[in-house]
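Descriptive structure summary
As a plain string of letters, each chain reads:
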Amino acid sequence: ESTGQSDARGALIVLEGLDRSGKTSQSARLLSHLNGLGYPVESWRFPDRDTAVGKMISSYLTNQSQLDDHTIHLLFSANRWEKRSLMEAKLKSGTSLIVDRYSYSGVAFSSAKGLDIEWCKAPEVGLLAPDLVMYLNIPPEKAAERGGYGGERYEQLEFQKSVAKYYEMLSDPSWKMIDACLPLEDVEEQMKEIVLDCVVSCQKGKPLT
Ligand code: DGP
Ligand code: NA
Ligand code: NA
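Residues numbered from 1 in each chain as written. Chains lettered and ligands numbered in written order. Predicted model: local features only at pLDDT ≥ 70, side-chain atom pairs only at ≥ 80, totals over all residues. Heavy atoms only, no water.

Before going further, it helps to examine the coordination of the sodium ion (ligand 2). Under perfect tetrahedral coordination by four donors, a metal shows angles of 109.5 degrees; under perfect octahedral coordination by six donors, it shows angles of 90 or 180 degrees. Listed as protein donors to the sodium ion (ligand 2) are D19 (OD) and E155 (OE); their distances from the metal cover 2.5 to 2.7 Å. Here the sodium ion (ligand 3) and the sodium ion (ligand 2) are spaced 5.2 Å from one another. Here D19 is found in the loop between β1 (12–17) and α1 (23–36), whereas its partner E155 is found in the loop between α7 (140–145) and α8 (157–170), with 136 residues between them in sequence. Judged by relative accessible area, which is 16%, E155 ranks as buried. (Donors = N, O, S within 2.8 Å, 3.2 Å for Na, K, Ca; no water. Helix = DSSP H or I, 4+ residues; strand = E, 2+ residues; numbered from the N terminus. Buried < 20%, exposed > 50% of the residue type's maximum accessible area, 1.4 Å probe, protein only.)

This brings us to the confidence of the model for the protein. Across the protein, pLDDT averages 96, with 97% of residues at or above 70. Averaged pLDDT values for the elements of the protein fall to 96 in α7 and rise to 99 in helix α3 (residues 69–81). We note a pTM of 0.95 for the whole complex and an ipTM of 0.93 for its interfaces. (pLDDT = per-residue confidence, 0-100.)

Looking now at α3. End to end, α3 covers 19 Å across 13 residues, agreeing with the expected 18 Å (1.5 Å per residue, within 8%). Among the residues of α3, those classed as buried are I72, H73, L75, F76, S77, N79 and R80. As for α3, its buried residues are in contact with α2 (52–61), α4 (84–92), α5 (103–112) and α6 (117–121). Of the residues that open α3, the one with a side-chain oxygen 2.9 Å from the backbone nitrogen of H70 is D68. (Expected span 1.5 Å × (residues − 1). Contact = heavy atoms within 4.5 Å. Polar contact = N/O pair within 3.5 Å; in protein donor to acceptor, adjacent residues only side chain to side chain.)

The next thing to look at is the nonpolar core. With 34 residues, the main nonpolar core has L12, M87, V99, Y102, Y154, V163 and Y167 as its most contacted residues. Of all elements in the fold, only β1, α2, α3, α4, β3 (96–100), α5, β4 (132–137) and α8 reach the threshold of two or more residues within this core. Here this core gets five residues from one element, more than from any other, and that element is α8. If you look at the next biggest cluster of nonpolar residues, it comprises 21 residues, including L34, M134, I178 and V195. (Core = buried A, V, L, I, M, F, W, Y, C linked by side-chain atoms within 4.5 Å.)

Glancing now at the site of ligand 1. Contacts to ligand 1 come from 13 residues, most closely from D19, F76, R80, R101 and G106. A distance of 3.2 Å separates an oxygen atom of ligand 1 from a polar atom in the side chain of R49. The contact in question runs from a nitrogen atom of ligand 1 to an N or O atom on the side chain of Y154, over 3.4 Å. Across the complex, the protein chains shield 95% of the 500 Å² of accessible surface that ligand 1 would expose by itself. Under a 2 Å grid-point criterion requiring more than half of the atoms, the pocket assigned to ligand 1 is the largest pocket. (Near = heavy atom within 4 Å. Areas by Shrake-Rupley, 256 points an atom, 1.4 Å probe, with all protein chains shown as cover. 1 Å grid on protein atoms, 1.4 Å probe; cavity = no way out; pocket = protein on both sides within 12 Å on 5 of 7 lines; lining within 4 Å. Sits in = over half its atoms within 2 Å of the grid points.)

Right, dumping it as structure tokens:
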């Protein structure tokens, strides 16, 4: 067995986008697509509401508790940190991860509340860098029309408009912009090949950062 950075590994694939942009549906589709091709893959999501920190986040999102904006920001970040070592182990063992939301959600949602963007980025430094970020692009008005929001704290049109602006600010040319207004099948079609290319290049030993 070879050692060092050139080892085959899984890909860290992140899906970002506004609420109701379709990330969760597409995660499931990409999971079964890659599974069908025989690649080891898991679908993850942040916040992970099953941990102790995640339960605090969930209670905040459902308006069962109130927290200072900075405090909840750090909890969201802590929720990613508590999964970091498992994430690294999975990737190193060859399992790819399709992750529904990551640090970009952390920064975009908290900045949209008015917190300083650099302050928001700081606790994310040191988390694993994604190999691929796919942004499910949809106008906030269209997302809001999709059967209405579920009633959680951030699911309000004006707020989502602000989140969209921060996502735009955070995005860089490496992001793959996906037209999320199309039917599910067409959105999946846009993503499949991009995801497969990424998984293959990581298998060939692209270094993990
Ligand atoms: P979801 O389970 O993907 O619907 O996410 C729940 C809500 O929390 C959604 O409105 C997006 C928001 N959110 C996700 N991650 C973060 C984060 O790290 N920080 C903040 N402030 N909000 C987040
Ligand atoms: Na949501
Ligand atoms: Na989601």
